[in-house]
Amino acid sequence: MIEGSTKTVDIVVSDIDSSNLSVWAQSDNTALIPNENLIVSGVGNNRTLQISATDNMIGRANITVFVSDGDSQSTTTFAVNVIAPDLSVSIDDGGVSVRPGQTVAYAIEYANSPVVHTSDAAGVYIAVSVPTHSQFNPSASSSDWNCANNGAAGDICRLDIGQLNRGATGATTFAVAVDLTVPTEVAALSVEVEIGDNGQNGNDIDPSNNRNGDTTPIDRTVLLLATKRDLLDVSGGNDGIAGPGDRIDYTIILRNDRVTAASGSVFDDAPDSNTTLA
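Residues numbered from 1 in each chain as written. Predicted model: local features only at pLDDT ≥ 70, side-chain atom pairs only at ≥ 80, totals over all residues. Heavy atoms only, no water.

## Considering the sheet that holds strand β15 (residues 211-217)
Read from one edge to the other, the open sheet built from five strands follows the order β11-β12-β9-β14-β15, with strand pairing classed as antiparallel. Looking at strand neighbours, the two that pair on one side only are β11 (146-147) and β15, the edges of this open sheet. Direction of pairing for strand β9 (residues 121-129) relative to strand β14 (residues 188-196): antiparallel, over a ladder of five bridges. By the bridge assignment for β14, Val128 is matched with Val193. (Pairing = 2+ DSSP bridges. Helix = DSSP H or I, 4+ residues; strand = E, 2+ residues; numbered from the N terminus.)

Here is the structure:
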């Protein structure tokens, strides 16, 4: 039976005089199925036992039914297995950092516990909230993600898994492209993932591992490059070789190879000791 649910068992009593019989039941696992959750009803030879399991617990209980006419007693015992799914999910950026304008891909792993009394899960889904200052990147993600608002920041993107049997595992990729401009006070992207199901086979037995998150540092380093090229503008000997009195023109190109702006940059180039600035 499913955790937190109620099950009905028919009891047939055989006795010459069934009108004076007492029928009751006991559990050997009262945490899972308390004795007060074993309710016998009916009269005569046909009785009904109602069994109610404790919410958010799984396991096995042996139920013993007692029948007594006051002089003698008879018993029968049967086992009740209480089951529920136990889903888990994790998300990981692989320990990378990301620069504005780049894409970061998150590895998502999910599972349904293989522990005994774990049930199959139906209607399983994974949902991820697109981090602030980013946009869902479908080309770098696994297929079949559906985003309600085209994957904009704050949007919830969902991946439908469907049936996830006991002990089954899976993996998928969710990627986002970081905005070209990210406020300087933002140090990292924060992403959260959730796994759930439709509850058909009971409530998840351990909801503490149904959510997970990760933070990806934003790399704000700059890469400054300088290129210097010379051109012999005036050659006294017209031989293309620099000599005394000749003029050399220098072209200097400064470049920042990152999207992060560089501030307070200083370029320093000391002229050769045998030359003077023209």
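## Let's talk about the side chain of Thr216
Within the fold, Thr216 resides in strand β15. Since its relative accessible area comes to 0%, Thr216 is described here as buried. Within the structure, Thr216 has its side chain in polar contact with the side chain of Asp93 (distance 2.7 Å). Within the structure, Thr216 has its side chain in polar contact with the side chain of Tyr106 (distance 2.8 Å). When near neighbours in sequence (up to four residues on either side) are disregarded, Thr216 contacts Asp93, Val96, Ser97, Val98, Val104, Tyr106, Ala187, Ala188 and Leu189. (Buried < 20%, exposed > 50% of the residue type's maximum accessible area, 1.4 Å probe, protein only. Polar contact = N/O pair within 3.5 Å; in protein donor to acceptor, adjacent residues only side chain to side chain. Contact = heavy atoms within 4.5 Å.)

## A word on the packing of aromatic side chains
The full count for this structure, using the stated rule, is three aromatic pairs. Judged by centre distance (5.3 Å) and plane angle (5°), the rings of Trp24 and Phe66 are stacked. In this pair, Trp24 is assigned in strand β2 (residues 22-27) and Phe66 in strand β5 (residues 59-68), connecting sequence segments 42 residues apart. Judged by its relative accessible area of 13%, Phe66 falls in the buried class. Aromatic side chains Phe136 and Phe174 sit 5.1 Å apart centroid to centroid with 25° between the ring planes, which places their arrangement in the stacked category. Of this pair, Phe136 sits in strand β10 (residues 134-136) while Phe174 sits in strand β13 (residues 169-178), placing them 38 residues apart in sequence. Residue classification places Phe136 among the buried positions, given a relative accessible area of 11%. For Phe174, a relative accessible area of 0% translates into the label buried. (Phe/Tyr/Trp six-rings, centres within 6.5 Å; stacked < 30°, edge-to-face > 60°.)

## A word on the sheet that holds strand β3 (residues 38-43)
Spatially, the three strands line up as an open sheet ordered β1-β4-β3, and their pairing is antiparallel. At either margin of the open sheet sits one strand with a lone partner, and together these are β1 (6-12) and β3. On average, each strand axis in the sheet is inclined to that of its neighbour by 20°, with strand direction left out of account. Where β3 meets strand β4 (residues 46-52), six bridges bridge the pair, whose relative direction is antiparallel. In the sheet register, Gly42 faces β4, and the bridge partner there is Arg47. (Axes fitted to C-alpha atoms, helices over the stretch in contact; angles between N-to-C directions.)

Everything listed here is a matter of geometry and, on its own, says nothing about what the molecule does.
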